[in-house]
Amino acid sequence: MKRGLILLISMLFIIAYTKEISAIGLSPYSLKIPYAAGESVNVSISLINNAKELRNATLQVGGEDAQWVEYPKEYYFLDAGTSKEIILTINFPQDAEPGMHRISLTAKEMPSSIKGTGISVFGEVSGTIDIMVPYPGTYAQISVSGKNTNVDEPMQLEVNVNNLGKRTIEHMIISVVTYDKNQMELERISEPLESIQPGESRNLKIPLKSQLYHAGDYIAVVSGRYGVLIINEEIFEFRVGHLFVNVSNVVFLQQSGGLYRVSFDARSEWNAAIENVYATVEIFDENEQQINILKTPSINLGPWEKSTISTFFDATNLIEEVYNAKITLFYNEKTTIIDVPFSKMKPTQDFSGSAFVFVIILVLIFIIDYLWMKNKKGNKPPKDINYRL
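Residues numbered from 1 in each chain as written. Predicted model: local features only at pLDDT ≥ 70, side-chain atom pairs only at ≥ 80, totals over all residues. Heavy atoms only, no water.

Colleague: Explain the overall build of the protein to me, using residue names and the numbers behind them.
Modeller: What the protein contains, in helices and strands, is 2 helices and 26 strands. Among the 389 residues that make up the protein, the fraction classed as buried is 35%. By element, 54% of the accessible surface of the protein is carried by carbon and sulfur atoms, the whole surface being about 24800 Å². (Helix = DSSP H or I, 4+ residues; strand = E, 2+ residues; numbered from the N terminus. Buried < 20%, exposed > 50% of the residue type's maximum accessible area, 1.4 Å probe, protein only. Areas by Shrake-Rupley, 256 points an atom, 1.4 Å probe, with all protein chains shown as cover.)

Quick look at the structure:
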């Protein structure tokens, strides 16, 4: 009883002190700083108390390059709604490996009752300082992004160029070539960039001719050239949608007796949400006479989403074995219609009880046979025994 009471009090204590698990904030939580060989740079970071009461917090620096950073390793008591500025000094080495260097920042909340020394941590928030060490000579990277669209909507690609080298890049040409799923070229575009300084990033918005793109899947191959040098190629895949919902994988599954479940997949080919999607299922006999009509529940489909729609019907009174089903899907004042055959199965019998009895009988036969053989071996007369008067 006493142990349970202690456990309950401990849990209430933990809940009380963790109700604001994200009370400590970090600002800014993401920084990008240019590399300056052999120099020192001061960076200002603030610990923020978002709680309505006193909080104890500290800042920790991590990562492979944490030794570059000097900062006060102290604990700070922050009143409600206040912040504490901390100055970090980054001492850049004279030489560093080219590429991205990341220093991690962690603001940790400590127990307020333990001044100066935290034993357990209640909550933390992380941040980063990214430092790009330039490559020797001329070096650049490109990246491409964009969005799926629908037919006849404006289309564009966004190309980002980063000069990661130590030299200025002059007269760069950005090339974009688009292809359909059959690898047929649709469009070829060239965009000039006059000058990109070391460490500079340039963003281009390149429009595409929407009239060239029908509903389907496409790729864009983006590359950059300066002089005789060609920087990395990037491949971007995108889709163009149209207002259509495809119906596939129609299944008629017998549940029990004459009850059937009909289900099918509805897959949107529209780059926007479609609400109130539902279907009717009509059953026809061999004379094309309608003998039943069903309506499914309605669903909502997100862009390019696929979902399963199903309903149930009673086929007990259906006499023939083969029927035709017409599925009509309704959405946004449009329809998708497919015809599929439906074969009525003969009612199945439930053999589960009989199977159980059969297994029990087999087990009993095995036990009886085993006991009989054991008893037979025990009653055999001993061999090589001479009887004398």
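Colleague: Residue-level account of the sheet that holds strand E1 (residues 24-27), with values.
Modeller: Strand order in the open sheet formed by 4 strands is E1-E3-E7-E5, and the pairing between neighbours is antiparallel. Each edge of the open sheet carries a strand with a single partner, namely E1 and strand E5 (69-70). (Pairing = 2+ DSSP bridges.)

Colleague: Please provide a residue-by-residue account of the layout of surface pockets, values included.
Modeller: Approximately 480 Å³ is the volume attributed to the largest pocket. What lines the largest pocket is a set of 22 residues, among which Met100, Met132, Asn162, Leu164 and Gly199 lie closest to the centre. Looking at the lining of the largest pocket, the elements that each hand over two or more residues are strand E2 (30-34), strand E9 (123-133), strand E10 (140-146) and strand E12 (155-163). Grouping the amino acids of the lining of the largest pocket by side-chain chemistry returns 10 nonpolar, 8 polar and 4 charged. Lys181, His214, Ala215, Gly216 and Asp217 are the residues nearest the centre of the second largest pocket, which is lined by 16 residues in total. Listed by contribution, the elements that provide at least two residues to the lining of the second largest pocket are strand E16 (216-226) and strand E18 (234-241). Grouping the constituent residues of the lining of the second largest pocket by class yields 6 nonpolar, 4 polar and 6 charged. (1 Å grid on protein atoms, 1.4 Å probe; cavity = no way out; pocket = protein on both sides within 12 Å on 5 of 7 lines; lining within 4 Å. Points joined across faces, edges and corners; volume = space filled by probe spheres on them. Nonpolar A, V, L, I, M, F, W, Y, C, P; charged D, E, K, R; others polar.)

Colleague: Outline unusual backbone geometry, listing residues and values.
Modeller: Omega for the bond connecting Ser27 with Pro28 falls within 30 degrees of zero, at -10°, which places this linkage in the cis form. Among the structural elements, Pro28 can be located in the loop between E1 and E2. Backbone geometry places His171, a non-glycine residue, at a positive phi of 55°. Here His171 shows up in strand E13 (residues 169-180). Positive phi is not limited to glycine here, since Glu288 has a value of about 65°. Counting through the fold element by element, Glu288 comes out in the loop between strand E21 (274-284) and strand E22 (290-295).

Colleague: Would you mind going over the sheet that holds strand E19 (residues 245-256) in detail, with residue names and values included?
Modeller: Spatially, E19-E20-E24 is the arrangement adopted by the 3 strands of the open sheet, whose pairing is antiparallel. Looking along the sheet, the strands with just one partner apiece sit at the ends: E19 and strand E24 (306-314). Direction aside, the axes of adjacent strands within the sheet are offset by 20° on average. (Axes fitted to C-alpha atoms, helices over the stretch in contact; angles between N-to-C directions.)

Colleague: Provide a residue-level description of the pairing of E9, including the pertinent values.
Modeller: In terms of strand pairing, E2 meets E9 through 5 bridges, oriented parallel. Bridge pairing in E9 places Ser30 opposite Thr128. As paired strands, strand E8 (residues 99-110) and E9 are joined by 11 bridges and run antiparallel to one another. The residue bridging His101 from the neighbouring strand is Ile131, located in E9.

Colleague: Any details on the nonpolar core? Residues and values, ideally.
Modeller: Counting residues in each nonpolar core, the largest one holds 27 residues, and the members touching the most others are Phe252, Phe313, Leu329 and Phe342. Elements with a contribution of two residues or more to this core: E19, strand E20 (259-268), E21, E24, strand E25 (322-331) and strand E26 (334-343). Discounting chain neighbours no more than four positions away, the residues touching Phe313 are Phe252, Gly258, Leu259, Tyr260, Val262, Asn292, Leu294 and Phe342. (Core = buried A, V, L, I, M, F, W, Y, C linked by side-chain atoms within 4.5 Å. Contact = heavy atoms within 4.5 Å.)

Colleague: Please provide a residue-by-residue account of the environment of Thr178, values included.
Modeller: Its location among the elements puts Thr178 in strand E13. In the structure, Thr178 is positioned 10 residues away from Arg188 in sequence and 6.7 Å away in space, judged by C-alpha atoms. In this view, Thr178 contacts Met184, Glu185, Leu186, Glu187, Leu208, Tyr213, Ile219 and Ala220; residues no more than four positions away in its chain are not counted. Side chain to side chain, Thr178 and Tyr213 meet in a polar contact 2.8 Å long. (Polar contact = N/O pair within 3.5 Å; in protein donor to acceptor, adjacent residues only side chain to side chain.)

Colleague: Hey, could you go over the pattern of salt bridges for me, with residue numbers and the actual values?
Modeller: Per the stated rule, a full pass over the model turns up 7 salt bridges. The partner of Arg188 in a salt bridge is Glu185, with the nearest N and O atoms 3.1 Å apart. With relative accessibility at 38%, the residue Glu185 sits in the partly exposed group. Residues joined in a network through salt bridges with shared partners are Glu53, Arg55 and Glu109. (Salt bridge = Lys/Arg side-chain N within 4 Å of Asp/Glu carboxyl O.)

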